[in-house]
Amino acid sequence: MSLRLPSILNFARSPSPAAALLYVAAAALATPVGAETLEAYRVGEMRGLVLASAPAPVPDVGFTGGDGQETTLAASNGRVRLVNFWATWCVPCRTEMPELEALARDPPADVEVITIATGRNTPDGIDRFRDEQGITALPNALDPKGALARAMDVPGLPVTVILDRDGIEVGRLLGGANWNSPEARALLGHLAEAG
């Protein structure tokens, strides 16, 4: 969000108390709501989380949902979502998947975990991987041509994007993490309670 401050806020000389108050109010409006609060949750497993500097809705690009039907991320608005882009051939993806499964089995209230296999993943390979790992709680969502991943600027795998209830990206973590860790659960719980 770009905020243009009025010319009365030119501080070439000492600002008047009214101008200073107006500046503080304008700066507060330019800061994403809760960003300073979320910074406190960037510890332990979540220290690599990059908070969105300019919150914006996710693109309206379709993918195949766990039920086999075409859907969008906006279709699940109303809950906080943890959206994980992964692939069967991605070693860090394989490592973090059991923790995503554990989180999906017992999520904080109003939090949904969505895992999306993106790119070249054969259906047999995905099924085999899910069977080997005992994955039953996570959706078998697919982005076979990587359209959603490209639209969301996913540079590699895994990437996990956190969305608020309105489908606005809160932040993302590039690389693997323990998403069932106390730090991750605290962050997600805070987002669900906040709004």
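Let me sum up the structure you'll find in this document. (Residues numbered from 1 in each chain as written. Predicted model: local features only at pLDDT ≥ 70, side-chain atom pairs only at ≥ 80, totals over all residues. Heavy atoms only, no water.)

1. Details of the packing of helix α3 (residues 91-105) against helix α4 (residues 123-133)
Then step 1. Two elements in contact, α3 and α4, have axes whose closest approach is 11 Å; the angle formed by their N-to-C orientations is 55°. Taken together, the axes of α3 and α4 are oblique relative to one another. When the axes of α3 and α4 are compared, the crossing they make is right-handed. Residues R94, M97 and P98 of α3 form the contact with α4, whose own contacting residues are F129, E132 and Q133.
Then step 2. Along the lines of polarity and charge, the residues of the contact of α3 with α4 split into 3 nonpolar, 1 polar and 2 charged. (Axes fitted to C-alpha atoms, helices over the stretch in contact; angles between N-to-C directions. Helix = DSSP H or I, 4+ residues; strand = E, 2+ residues; numbered from the N terminus. Parallel < 35°, antiparallel > 145°, perpendicular 65-115°, else oblique. Left-handed = near helix turned anticlockwise from the far one by under 90°. Contact = heavy atoms within 4.5 Å. Nonpolar A, V, L, I, M, F, W, Y, C, P; charged D, E, K, R; others polar.)

2. Regarding unusual backbone geometry
Then step 1. Look at the link from L157 to P158: it is a cis peptide, with omega at -5°.
Then step 2. Backbone geometry at D110 places phi at a positive 65°, although glycine is not the residue there.
Then step 3. In this structure D110 comes out as partly exposed when scored by relative accessible area, which is 44%.
Then step 4. Unusually for a residue other than glycine, D153 sits at a positive phi of about 55°.
Then step 5. Mapped onto the secondary structure, D153 falls in the loop between α5 (147-151) and β7 (159-163).
Then step 6. For D153, a relative accessible area of 60% gives the class exposed. (Buried < 20%, exposed > 50% of the residue type's maximum accessible area, 1.4 Å probe, protein only.)

3. Remarks on the pattern of salt bridges
Then step 1. Per the counting criterion, the structure on display carries 7 salt bridges.
Then step 2. Among the salt bridges present, the one from R79 reaches E112, with a minimum N-O distance of 3.3 Å. Within this pair, whereas R79 is found in the loop between β3 (70-71) and β4 (80-86), its partner E112 is found in strand β5 (residues 111-118), the two being separated by 33 residues in sequence.
Then step 3. Look at R79 and you get partly exposed, because its relative accessible area is 36%. (Salt bridge = Lys/Arg side-chain N within 4 Å of Asp/Glu carboxyl O.)

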